There are 2 protein chains.
Amino acid sequence: MAKNPTSLQKVQVRPRLRVMRGNEIALGPGRVDLLELIEKTGSLRSAAQAMGISYMRAWNLIRYTNQCLSKPAIKTVRGGKTGGGARLTDSGKEIIALYRRMERESQKASRQPLARLKKLLKP
Amino acid sequence: MAKNPTSLQKVQVRPRLRVMRGNEIALGPGRVDLLELIEKTGSLRSAAQAMGISYMRAWNLIRYTNQCLSKPAIKTVRGGKTGGGARLTDSGKEIIALYRRMERESQKASRQPLARLKKLLKP
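Owing to the predicted nature of the structure, the values given are computational and were not obtained by experimental measurement. Counting restarts for each chain, with residues numbered from 1 along the sequence as it is written. In the order they appear in the text, chains get letters beginning with A and ligands get numbers beginning with 1. Only residues with pLDDT of at least 70 are given local features in this predicted model, and only at 80 or more are side-chain atom pairs given and counted; all residues enter the totals for whole chains, interfaces and linings.

**Quick word on the relation of the copies chain B and chain A**
Overlaying chain B with chain A gives an RMSD of 0.0 Å, the required rotation being 180 degrees about an axis along which the chain moves by 0.0 Å. The superposition of one copy onto the other is thereby described by a two-fold rotation axis. Measuring from the rotation axis to each C-alpha of chain B, the shortest distance belongs to B:Ser106, at 2.1 Å. Here, residue contact means that the backbone-derived C-beta atoms of the two residues sit within 7 Å. Interface overlap between copies is the fraction of interface residues in one copy that are interface residues in the other; for chain B against chain A it reaches 100%, indicating a shared surface. Copies overlap after least-squares fitting; the atoms used are the C-alpha atoms of residues with pLDDT of at least 70 in both.

**Re the sheet that holds strand β2 (residues 24–27) of chain A**
Two strands qualify as a pair provided that DSSP identifies no fewer than 2 bridges between them. Put simply, DSSP marks the helices as runs of H or I at least four residues long and the strands as runs of E at least two long, and each gets a number from the N terminus on. One open sheet accounts for four strands, arranged β2(A)-β1(A)-β1(B)-β2(B); its pairing is antiparallel. Looking along the sheet, the strands with just one partner apiece sit at the ends: β2 of chain A together with β2 (24–27) of chain B. Taken pair by pair, the neighbouring strands of this sheet meet at an average axis angle of 55 degrees, ignoring direction. Pairing geometry for strand β1 (residues 11–21) of chain B and β2(B), over three bridges, is antiparallel. Each axis is a line fitted through C-alpha atoms, taken for helices only over the stretch in contact, and angles between the N-to-C directions span 0 to 180 degrees.

**What about the environment of A:Arg78?**
Residue position: A:Arg78 is located in the loop between β3 (74–77) and β4 (85–88). Put simply, A:Arg78 and A:Lys40 are 38 residues apart on the chain and 18 Å apart in space, counted from C-alpha to C-alpha.

**What about the pairing of strand β1 (residues 11–21) of chain A?**
Relative to β1(B), β1(A) is paired through eleven bridges, and the arrangement is antiparallel. Following the sheet pairing, A:Arg16 is matched in β1(B) by B:Arg16. Counting the residues that bridge the hairpin from β1(A) to β2(A) gives two residues, and of these A:Gly22 lies at a positive phi of roughly 60 degrees.

**Side note on the interface of chain B and chain A**
Across the contact, 36 residues belong to chain B and 36 residues belong to chain A. For the side of chain B that touches chain A, the secondary-structure elements that each account for two or more residues are β1, α4 (90–109) and α5 (111–118) of chain B. With eleven residues, the single largest contributor to the side of chain B that touches chain A is β1(B). Under the grouping applied here, Gly and all other residues not named as nonpolar or charged are polar, the nonpolar ones being Ala, Val, Leu, Ile, Met, Phe, Trp, Tyr, Cys and Pro and the charged ones Asp, Glu, Lys and Arg. When its residues are assigned to classes, the side of chain B that touches chain A shows 18 nonpolar, seven polar and eleven charged.

**With respect to the packing of helix α4 (residues 90–109) of chain A against α5(B)**
Between α4(A) and α5(B), the least distance of the axes is 9 Å, while the angle of their chain directions is 160 degrees. Compared by their axis directions, α4(A) and α5(B) come out roughly antiparallel. Considering how the two elements wind past one another, α4(A) and α5(B) form a crossing that is left-handed. In contact with A:Ile95, A:Leu98, A:Arg101, A:Met102 and A:Glu105 of α4(A), α5(B) contributes B:Pro113, B:Leu114, B:Arg116 and B:Leu117. Split into classes, the residues belonging to the contact of α4(A) with α5(B) amount to six nonpolar, no polar and three charged. Here roughly perpendicular refers to angles of 65 to 115 degrees, roughly parallel to angles under 35, roughly antiparallel to angles over 145, and oblique to all remaining angles. Handedness of each helix crossing follows the sense of rotation of the near helix against the far helix: counterclockwise by less than a right angle gives left-handed, clockwise gives right-handed.

Here it is as structure tokens:
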């Protein structure tokens, strides 16, 4: 008997965590993805392209993120032979690590209720 | 000396959890809010209005949610003296409870990394 392909799909929780300060989002999944892509590509333009957002939007996100922090997460380098670029600071790297840890902890903590929830989903 | 009002704002994590089956969102924060509003108002139309979405969109969200479940979360009642309405099933109530529990567990689990993250935010 052929197996139903939908029954093979993994059920899991994907936490999208917003760090709120009052009613403001100080940090969220999109901004953390952007920081990570800047770390990977060394360029705000490449990171924006990879996320499918405009350079201006990426620039504003970074500016706003830096404003929320004691020390900036990103340093931009203008001009020069390499045409400028963007680099993560130590503070930026720590922020990514802490945010990803929150996601992992959150996923672990959801396991028990998720196991019960799975039974209510169609097999 | 006057206190800086921004330093009084509470920093907290707001988890927006997506229950994924493969690449599909089986359940997310919007749908759970909608279920809760239906429970509160007894009407899909009122729930849609409270969420600022169209009746048609709410109807599609419910139809899709029911499709993902072994037993439907919502039963709609058409016509009659009260002009129809929507009611949560026991399965629907359990889904809300489990989802909210996942959120609480997720928030608790984020506490430690959040405490460190707070120190990187502007006071």
